[in-house]
Amino acid sequence: MNPVIYISGGCRSGKSRYAETRANEFAAPRAYIATAEIFDEEMRERVRLHREQRGNAFHTVEAPVRLAEALRSLPAATNVALVDCLTVWLGNLMHHRGEDFSEDCQEIHALLKLLQDPPCSIILVSNELGMGIVPENALARRFRDVAGRLNQRVAAVASEAYVTVSGIPLQLK
Amino acid sequence: MNPVIYISGGCRSGKSRYAETRANEFAAPRAYIATAEIFDEEMRERVRLHREQRGNAFHTVEAPVRLAEALRSLPAATNVALVDCLTVWLGNLMHHRGEDFSEDCQEIHALLKLLQDPPCSIILVSNELGMGIVPENALARRFRDVAGRLNQRVAAVASEAYVTVSGIPLQLK
Amino acid sequence: MNPVIYISGGCRSGKSRYAETRANEFAAPRAYIATAEIFDEEMRERVRLHREQRGNAFHTVEAPVRLAEALRSLPAATNVALVDCLTVWLGNLMHHRGEDFSEDCQEIHALLKLLQDPPCSIILVSNELGMGIVPENALARRFRDVAGRLNQRVAAVASEAYVTVSGIPLQLK
């Protein structure tokens, strides 16, 4: 079965770089699934720079909300897909669904189902958000609850899992 | 000697679930020491749901402040006690003692003493609070200092220690 | 070549204590490089207490900004230098340089260069700041970005790296 590699870590802990290193171990063609939505020029520029750094080793697909669909729609020859990142995707999904969001919504369900029988090798980047003091903001508290549970569910189905600290991956499983 | 198992982790990192898994490896009777105080109906409902999930595999004791006494007063046959969690207990203790709180207070001293010769196997859940940015709130800064030092003192006397990340326990010792 | 030992960890996670334990494994003379600036009497008292705890096993040098210079200027016989800590140093450096700060500034460049051919064994303490929720404060967001990248660069050139959790060091490399 195609491997599913889960890579979590704090902000600026080197998780995306480690994910790219792992993705480059797979033969081309490779897909990069960007979950960030582009709101302004500053962000467009950052995304352009990131894309330039990755070079043409990756085919980039934007999937701010419909992540499982984007993974299912990749060209059949795709060998590996790097999803960066789950936390931004979750934020988009919660915003998109609004009141209608639930942790059992179709989009999350579809992702977890796909990861149990992935169409290609999949590397997923996520964020550790829960090791600080309890946030005073109720929305922030809810987001870290939901993000923490999603991390657990994805890591549970992954074949390998890591957390990066100061740029170095620690293997969780 | 009876083992003392320390399990820390961030918010929604799977620490309580891992603690229950470990507790279920011990034969009954098992005690669940809940340190949370029930303030409102929403919380009463959450506690009821948690208790229902644990089923009758555990005998539940509430110990918001007098934790060592609760552990000492368990029925003699008790094989394992799961304390969930140290961080909430510390918050209660600081609130209860007010100006009179010190890290050398009787309650903390009694817990550390008990852990050096535990009356049954003990599993303690705690929280990692110190890996975010320095909080602007002085009380939050103080709490994470005191909680961090308590975690160190408890982990030091534990026979096993873990930190859970994305639902997966990493062994510290 | 002289070892470079990188020790990160959250607030009150035991990183400084572990760093002192490691430093004491080296023969004297030992240097303690304090990066904190002393602003008031409370801090002066805390620093005095820390110094007293370390006893005269260490020669203390203050280096709030010019860290590489301080390391280069140690007496030639110095066997090991303990730098506590990188995060406070970075904050001082950003404050000192103001608008003129960049991650490629001379001070950072000089430190990284020195660590590639260290004049004595060097132990560096740093902080994990990136595992909480995204801070609302833009300066805090920028600081955790810059601190995270510095941690990665220093850990990359270290010969050993650790993260302490609840007082226990986990080896990263």
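By the naming in an unreviewed UniProt entry, chain A is Adenosylcobinamide kinase, taken from Puniceicoccus vermicola. As recorded by UniProt, the Function (unreviewed entry) comment attached to chain A reads in full: "Catalyzes ATP-dependent phosphorylation of adenosylcobinamide and addition of GMP to adenosylcobinamide phosphate." For the record of chain A, the UniProt heading Sequence similarities (unreviewed entry) holds the text "Belongs to the CobU/CobP family."

(A) Seen up close, the relation of the copies chain A and chain C. Expressed as a screw transformation, the operator carrying chain A onto chain C has a rotation angle of 120 degrees and an axial translation of 0.0 Å, and the superposed copies differ by an RMSD of 0.0 Å. The operation mapping one copy onto its partner corresponds to a three-fold rotation axis. Among all residues of chain A, the minimum C-alpha distance to the rotation axis is found for Gly132(A), at 2.4 Å.

(B) Structural detail: the interface of chain A and chain C. The interface is formed by 23 residues belonging to chain A together with 21 residues belonging to chain C. Contact between chain A and chain C buries roughly 1,600 Å² in total, counting both sides, with carbon and sulfur atoms accounting for 65%. Interface area lost by chain A to chain C is led by Arg12(A), Ser166(A) and Ile168(A), which between them contribute 38%. In this assembly, chain A and chain C are joined by one salt bridge. We note a salt bridge from Asp145(C) to Arg12(A), for which the minimum N-O separation is 3.1 Å. Taken together, the connections running from chain A to chain C amount to 10 residue pairs in polar contact (both at pLDDT 80 or more). Elements with a minimum of two residues in the side of chain A that touches chain C: helix H6 (138-157), strand S6 (160-165) and strand S7 (168-171) of chain A. Counted by class, the side of chain A that touches chain C contains 10 nonpolar, nine polar and four charged residues.

(C) Region of the structure containing the UniProt feature "active site" (unreviewed entry) in chain A. In this numbering, the UniProt entry assigns the feature "active site" (unreviewed entry) to His50(A). Checked against the element boundaries, His50(A) lands in helix H2 (residues 41-54).

(D) Summary view of empty space enclosed by the protein. Scanning all chains against the criterion turns up five cavities of 30 Å³ or more. Of the volumes computed, that of the largest cavity is approximately 110 Å³. Residue lining of the largest cavity: 13 residues in total, with Met131(A), Val165(A), Val165(B), Met131(C) and Val165(C) positioned closest to the centre. Taken together, the elements giving at least two residues each to the lining of the largest cavity come down to S6 of chain A, strand S6 (160-165) of chain B together with strand S6 (160-165) of chain C. Along the lines of polarity and charge, the residues of the lining of the largest cavity split into 12 nonpolar, no polar and one charged.

(E) Structural context of the nonpolar core. Among the nonpolar cores identified, the biggest contains 128 residues, and Ile33(A), Leu71(A), Ile33(B), Leu71(B), Ile33(C) and Leu71(C) are the most heavily contacted of them. Once residues lying within four places of it in the same chain are set aside, the contact partners of Ile33(A) are Val61(A), Ala63(A), Leu67(A), Leu71(A), Leu74(A), Ala81(A), Leu82(A), Val83(A) and Asp84(A).

(F) Main features of unusual backbone geometry. With an omega of 0 degrees, the peptide bond running from Asp84(A) to Cys85(A) counts as cis. As for its placement among the helices and strands, Cys85(A) is situated in the loop between strand S4 (80-84) and helix H4 (86-97). In the segment running from Ala28(C) into Pro29(C), the intervening peptide bond is cis, with an omega of 0 degrees. Mapping Pro29(C) onto the fold places it in the loop between helix H1 (15-23) and strand S2 (30-34). Unlike most non-glycine residues, Arg12(B) shows phi in positive territory, near 55 degrees. Inspection of the secondary structure puts Arg12(B) in the loop between strand S1 (4-9) and helix H1 (15-24).

The rules we used
Residues numbered from 1 in each chain as written. Chains lettered and ligands numbered in written order. Predicted model: local features only at pLDDT ≥ 70, side-chain atom pairs only at ≥ 80, totals over all residues. Heavy atoms only, no water. UniProt positions renumbered as here; feature names shortened; annotations may be inferred. Least-squares fit on C-alpha atoms with pLDDT ≥ 70 in both. Contact = heavy atoms within 4.5 Å. Buried area = accessible area lost by both parts, 1.4 Å probe. Salt bridge = Lys/Arg side-chain N within 4 Å of Asp/Glu carboxyl O. Polar contact = N/O pair within 3.5 Å; in protein donor to acceptor, adjacent residues only side chain to side chain. Helix = DSSP H or I, 4+ residues; strand = E, 2+ residues; numbered from the N terminus. Nonpolar A, V, L, I, M, F, W, Y, C, P; charged D, E, K, R; others polar. 1 Å grid on protein atoms, 1.4 Å probe; cavity = no way out; pocket = protein on both sides within 12 Å on 5 of 7 lines; lining within 4 Å. Points joined across faces, edges and corners; volume = space filled by probe spheres on them. Core = buried A, V, L, I, M, F, W, Y, C linked by side-chain atoms within 4.5 Å. Buried < 20%, exposed > 50% of the residue type's maximum accessible area, 1.4 Å probe, protein only.

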